[in-house]
Protein chains: 2
Amino acid sequence: MSQRAPLTRERIIETALHLIDGQGLGRLTMRRLGDSLEVEAMAIYHHLPHGKEQLLEQLIAYVAAQPVPPGAGTARERLRSWAGGYRDRLVEHIGVMPLIVTRRNPGALLATTQSVQDLLRTAGRTEAEAAVGAHTLLGYLLGTVALEGREHATETTPDLDRDDRFLAGLDNVLTAIAS
Amino acid sequence: MSQRAPLTRERIIETALHLIDGQGLGRLTMRRLGDSLEVEAMAIYHHLPHGKEQLLEQLIAYVAAQPVPPGAGTARERLRSWAGGYRDRLVEHIGVMPLIVTRRNPGALLATTQSVQDLLRTAGRTEAEAAVGAHTLLGYLLGTVALEGREHATETTPDLDRDDRFLAGLDNVLTAIAS
DNA sequence: ACCTGAACACCGTTCAAGT
DNA sequence: ACCTGAACACCGTTCAAGT
């Protein structure tokens, strides 16, 4: 009676993300993903011919590709609000961090990094300064989110303190690269 | 005839590290590790009763626990030379990065972070400033090394440029936290 | 075109058994 | 005490078969 939603790449990605957010990356298996989709695991291969590898690649792209949007304001202001949102996104899907930080995936992060670099370049820095700045900011973002992900388990620091610490560190970095 | 070296925890850890450095984390399995040690996989459990989990924990500790050593000089100078060495160590065992950045492992990184925080505190910062500073520096270090690890595959930037970029970013961060 | 079922070569780990 | 062998419950993936 109940028609199942048709199996699509999009539905596969979103279900996988949901599974990771709920149960962690370690419990994402093709068979379990199949169960969540109410389908045999092998059906997934019809939509993602390269199997799990391709699935993980898509998950990274989904979470990590979020370039700085066009907008008004100083470079510092724009980077500050973008960085806050990017961090939120990374934290929301913290289970994907291991993949983002680990896998070679030129596309997703590169586009994001490039957008920061372009913004700095447009704001008057030299090419080299912009490259260093983008690298510093992205390094800070990924590194601190990863550190937070590790803390989440031991539950030692309240969320508010973590936010303050992140913002204070971010201001440090912004002062250094976009003062 | 050839007496095999006795199986010890130390030899297990080092062989595992060698395996990761050579073939990548994905190819570290208990069975392959057993082969490298010229022993059945199950023998490892006698020295590491908690199995692979415990093995990975030991690997993180081995690579990531490297606190700032005591020494002379300004806070900035000491942090700068320590950070360079820490980065070298992380890059040398880049295959372990996914674990360092991923696993909750209070001990190893916490000791390292704490040593940076203590140094900043001793150099006259407030407790809060020192916490933010340590978090900023470690975030930058882990984040940029992770970014580099991802680049290594695509081989787009020469090593020297990477070193320059790292040092320039490091100076940015140091100016922000230990100017 | 889209999905299933059985099968293959791997995992980590337990547990009884050997020495 | 230290190691082995067989076994169990899982993986990802291939491949022929169904509709």
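In this text the structure is predicted, and so the values were computed from the model without any measurement.

## Regarding unusual backbone geometry
Part 1: One non-glycine residue, glutamate 38 of chain A, lies in positive phi territory at about 55°.
Part 2: Within the secondary structure, glutamate 38 of chain A is located in the loop between α2 (30–36) and α3 (44–47).

## Things to note about the relation of the copies chain B and chain A
Part 1: Relative to chain A, chain B is turned by 180° and slid 0.0 Å along the rotation axis, the superposed coordinates differing by an RMSD of 0.0 Å. Such a turn and shift between the copies fits a two-fold axis.

## Here's the deal with the packing of helix α4 (residues 51–64) of chain B against helix α5 (residues 75–92) of chain B
A pair of packed helices can be characterised by two numbers: the angle between their axes and the separation between those axes.
Part 1: Remark: α4 of chain B packs on α5 of chain B, axes separated minimally by 9 Å, with the N-to-C direction vectors making an angle of 145°. Together, Tyr62, Val63 and Ala64 of chain B of α4 of chain B and Tyr86, Arg89 and Leu90 of chain B of α5 of chain B make up the contact between the two elements.

## Description of the domain arrangement of chain A
Residue and element names in this part refer to chain A.
Part 1: Examined at the domain level, chain A breaks down into domain 1 (9–49) and domain 2 (62–178).
Part 2: Computed from C-alpha coordinates alone, the two centres of domain 1 and domain 2 are separated by 28 Å.
Part 3: Taken together, the contact pairs six residues of domain 1 with eight residues of domain 2.
Part 4: Contact with domain 2 buries surface across domain 1, with Leu17, Asp21 and Leu25 losing the most and accounting together for 69% of the total.
Part 5: Here domain 1 is connected to domain 2 by zero salt bridges.
Part 6: At the boundary of domain 1 and domain 2, one finds one residue pair in polar contact (both at pLDDT 80 or more).

## A word on the interface of chain B and chain A
Part 1: The interface of chain B with chain A comprises 31 residues on the first partner and 31 residues on the second.
Part 2: When chain B packs against chain A, the two sides together hide about 2,700 Å² of surface, and 70% of this comes from carbon and sulfur.
Part 3: By the criterion of area lost to chain A, the three top residues of chain B are His135, Leu147 and Arg150 of chain B, representing 26% of everything that side buries.
Part 4: Connecting chain B to chain A are zero salt bridges.
Part 5: At the surface where chain B touches chain A, the tally comes to two residue pairs in polar contact (both at pLDDT 80 or more).
Part 6: For the side of chain B that touches chain A, the secondary structure elements donating two or more residues are α6 (97–102), α7 (106–122), α8 (127–154) and α9 (159–178) of chain B.
Part 7: Split by residue class, the side of chain B that touches chain A holds 17 nonpolar, 10 polar and four charged.

## A word on helix α9 (residues 159–178) of chain A
Part 1: With 20 residues, α9 of chain A extends 27 Å between its outermost C-alpha atoms, agreeing within 8% with the 28 Å of an ideal straight helix rising 1.5 Å per residue.
Part 2: When α9 of chain A is considered as a whole, its buried residues turn out to be Arg162, Arg165, Phe166, Gly169, Leu170, Asn172, Val173, Leu174, Ile177 and Ala178 of chain A.

Reading the values: the criteria
Residues numbered from 1 in each chain as written. Chains lettered and ligands numbered in written order. Predicted model: local features only at pLDDT ≥ 70, side-chain atom pairs only at ≥ 80, totals over all residues. Heavy atoms only, no water. Helix = DSSP H or I, 4+ residues; strand = E, 2+ residues; numbered from the N terminus. Least-squares fit on C-alpha atoms with pLDDT ≥ 70 in both. Axes fitted to C-alpha atoms, helices over the stretch in contact; angles between N-to-C directions. Contact = heavy atoms within 4.5 Å. Domains from an automatic or database assignment. Buried area = accessible area lost by both parts, 1.4 Å probe. Salt bridge = Lys/Arg side-chain N within 4 Å of Asp/Glu carboxyl O. Polar contact = N/O pair within 3.5 Å; in protein donor to acceptor, adjacent residues only side chain to side chain. Nonpolar A, V, L, I, M, F, W, Y, C, P; charged D, E, K, R; others polar. Expected span 1.5 Å × (residues − 1). Buried < 20%, exposed > 50% of the residue type's maximum accessible area, 1.4 Å probe, protein only.

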